[in-house]
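Structural features, examined
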Amino acid sequence: MKKIYSFFMAALMSATMLAAETEYLPISVCAVDNQEGFPGGAKALIENKLTQLLTRNGIAGLNYLGQFVLTVTTTPLDKDVIPGPPVKIAEKMELNLYIVDAQAQTIFSSTSVTVRGLGETETKCYLNAISHMPMQSPQLAKFIDEGKKKIIEYYDHEGEQLIKKAQFLAQQKKYDEALYWVSLIPQQSKHYDAALAAGQDIYQKYLNNECNINLAYARQAWAAEQNSSGAYAAGEYLANILPDAGCYDEAMELYREIKGKVLDDWKFEMKKYQDGVDLESQRIDAMRQVGVAYGNHQPTQTTNIEFLRTLL
């Protein structure tokens, strides 16, 4: 069972730190590592630079490969060997950046910048060149903005159908997947308010369902051993129940029953919301994180990767 409460609070802290500087947009970063001359270790550096580029332009994207992708390819322009010691390699290369809809196989935005690298090996030279991506360039800011507008246009067009899809999935009790689809719709879309309302309704059903499951397991654990061992086992499940879940009062009754029998041998308290914290924001953040967790556990779509490789 997931430790939902811990996940909930981690989501709140992370969203609070981002809120002042960035806005959410369902875009991923990806460096395709089968390019000619692509050195080992470059993928992590490139994806880190692309993530920085989004952040510098006020965007917090996805941490898994989704439909919309920011990627880059490299084109060598010229290379010189500088006599040593130590001998060094100087290379000029072009960075070709793209924002794409990998599902529709469409380029939303593209641009190119030239960088130079210097290193004692070709790998070090390549990595040094990547590190010189001009992060504060107006050209790159315009490139990001153009891609952002196209993504928002997509959700303006498709948002209503995505909400209906989510509601249908919720009827089948596929709450994680349902929350995944509504959580993709960004705040800038005209369908955001409707997505948020649908998401909150689905999230409440998700909470109630998780509560019922965890309470049943907690009761089973306590019935098996009505002692400190059983109390600890039951606590593992009770810890997943949030205060606004439908069966929280029943969970509290079980908690009081267990506490009355094991007394101080059970160091456990039912979860409560923190005073002075915006509960609505906590729920929205937690709702989105359930969807993000679902997305994180989905296999990478081969079609996405194959389309990106056609850009090479």
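As shown above, the structure is provided for reference.
Here is a short report on the structure shown in this document. (Residues numbered from 1 in each chain as written. Predicted model: local features only at pLDDT ≥ 70, side-chain atom pairs only at ≥ 80, totals over all residues. Heavy atoms only, no water.)

1. Here we look at the overall build of the protein chain
Heads up, the condition is: To qualify as a helix, a DSSP run of H or I must reach at least 4 residues; to qualify as a strand, a run of E must reach at least 2; elements of each kind are numbered from the N terminus. Each residue gets one of three labels from its accessible area relative to the maximum for its type: buried under 20%, exposed over 50%, partly exposed in between, using a 1.4 Å probe on protein chains only. By the convention used here, residues are in contact when the closest approach between their heavy atoms is within 4.5 Å. Method for areas: the Shrake-Rupley scheme with a 1.4 Å probe, in which residue coverage is limited to the protein chains shown.
Looking only at helices and strands, the protein chain has 10 helices and 6 strands in total. Burial statistics for the protein chain: of 312 residues in total, 47% are counted as buried. Residue pairs at least 24 apart in sequence account for 71% of intrachain contacts in the protein chain once pairs closer than 6 positions are excluded. Entry remark: accessible area of the protein chain is about 15900 Å², with carbon and sulfur atoms responsible for 50%.

2. Brief notes about the sheet that holds strand β6 (residues 106-119)
For clarity, the threshold we go by: Should DSSP find at least two bridges between two strands, the strands are taken to pair. Here an axis means a line fitted to C-alpha atoms, over the contact stretch when the element is a helix, while the angle between two N-to-C directions is reported on a 0 to 180 degree scale.
Reading across from one edge, β2-β4-β5-β6 is the order of the 4 strands in this open sheet, with mixed pairing throughout. With one partner strand each, in any of the chains shown, β2 (28-30) and β6 form the two edges of the open sheet. For this sheet, the mean inter-axis angle between neighbouring strands, taken without regard to orientation, is 20°. As paired strands, strand β4 (residues 68-82) and strand β5 (residues 88-101) are joined by 14 bridges and run antiparallel to one another. Bridge pairing in β5 links I82 to K88. Lying over the sheet, helix α3 (residues 122-131) contacts β4, β5 and β6, oriented at roughly 125° with respect to β6. Helix α4 (residues 138-171) contacts β4, β5 and β6 of the sheet and is inclined by roughly 150° relative to β6.

3. Points about helix α2 (residues 42-56)
Given 3.6 residues per turn, any residue in an α-helix points the same way as the ones three and four places further on. The cut-off we apply is this: Under the convention used throughout, the expected extent of a helix is 1.5 Å for every residue step, that is, one less than its residue count. Note: the arc covers the axis-to-C-beta directions of the helix.
Taking 1.5 Å per residue, 15 residues should reach 21 Å; α2 reaches 21 Å between its end C-alpha atoms and fits that length. For α2, the complete set of buried residues consists of A42, I46, K49, L50, L53 and L54. Along the axis of α2, the buried residues cluster in a sector spanning 140°; they form a single face. Those residues of α2 that are buried are in contact with β2, β3 (59-60), β4, β5, α3 and α4. Within two residues after α2, G58 carries a phi angle of roughly 80°, on the positive side.

4. Some words on the packing of helix α6 (residues 192-224) against helix α8 (residues 248-262)
Cut-off, in case you're wondering: Comment on the angle field: the value is read as roughly parallel under 35 degrees, roughly antiparallel over 145, roughly perpendicular from 65 to 115, and oblique elsewhere. Should the near helix be turned anticlockwise from the far one by less than a right angle, the crossing is left-handed, and should it be turned clockwise, the crossing is right-handed. Three categories are distinguished: nonpolar for Ala, Val, Leu, Ile, Met, Phe, Trp, Tyr, Cys and Pro, charged for Asp, Glu, Lys and Arg, and polar for the others, with Gly belonging to the last.
Contact pair α6 / α8: the axes reach a minimum separation of 10 Å and the direction vectors enclose 20°. Judged by the angle between their axes, α6 and α8 are roughly parallel. Between α6 and α8 lies a crossing of left-handed hand. Contacts between α6 and α8 involve C211, L215, A218, R219 and W222 from the former and Y248, E250, A251, L254, E257, I258, K261 and V262 from the latter. For the contact of α6 with α8, the residue count by class is 9 nonpolar, no polar and 4 charged.

5. Regarding the pairing of β4
Bridge count for β2 against β4 is 3 bridges, and the pairing is parallel. When the sheet's bridge partners are listed, S28 is paired in β4 with V69. Two successive antiparallel strands, β4 and β5, enclose a turn made up of 5 residues.

6. Quick notes on unusual backbone geometry
A positive phi angle, near 65°, is found at K173, a position not held by glycine. Within the element layout of this structure, K173 appears in the loop between α4 and α5 (175-184).

7. Concerning the environment of T51
Keep this limit in mind: Counted as a polar contact is a pair of N or O atoms within 3.5 Å, where, for protein atoms, one must be capable of donating a hydrogen and the other of accepting one, and residues adjacent in sequence contribute only when both atoms are in side chains.
Relative to the assigned elements, T51 resides in helix α2. For T51, a relative accessible area of 37% corresponds to the partly exposed category. Spatially, the C-alpha atoms of T51 and C30 are 9.5 Å apart, while their sequence positions differ by 21 residues. At a separation of 2.8 Å, a polar atom in the side chain of T51 contacts the main-chain carbonyl oxygen of E47.

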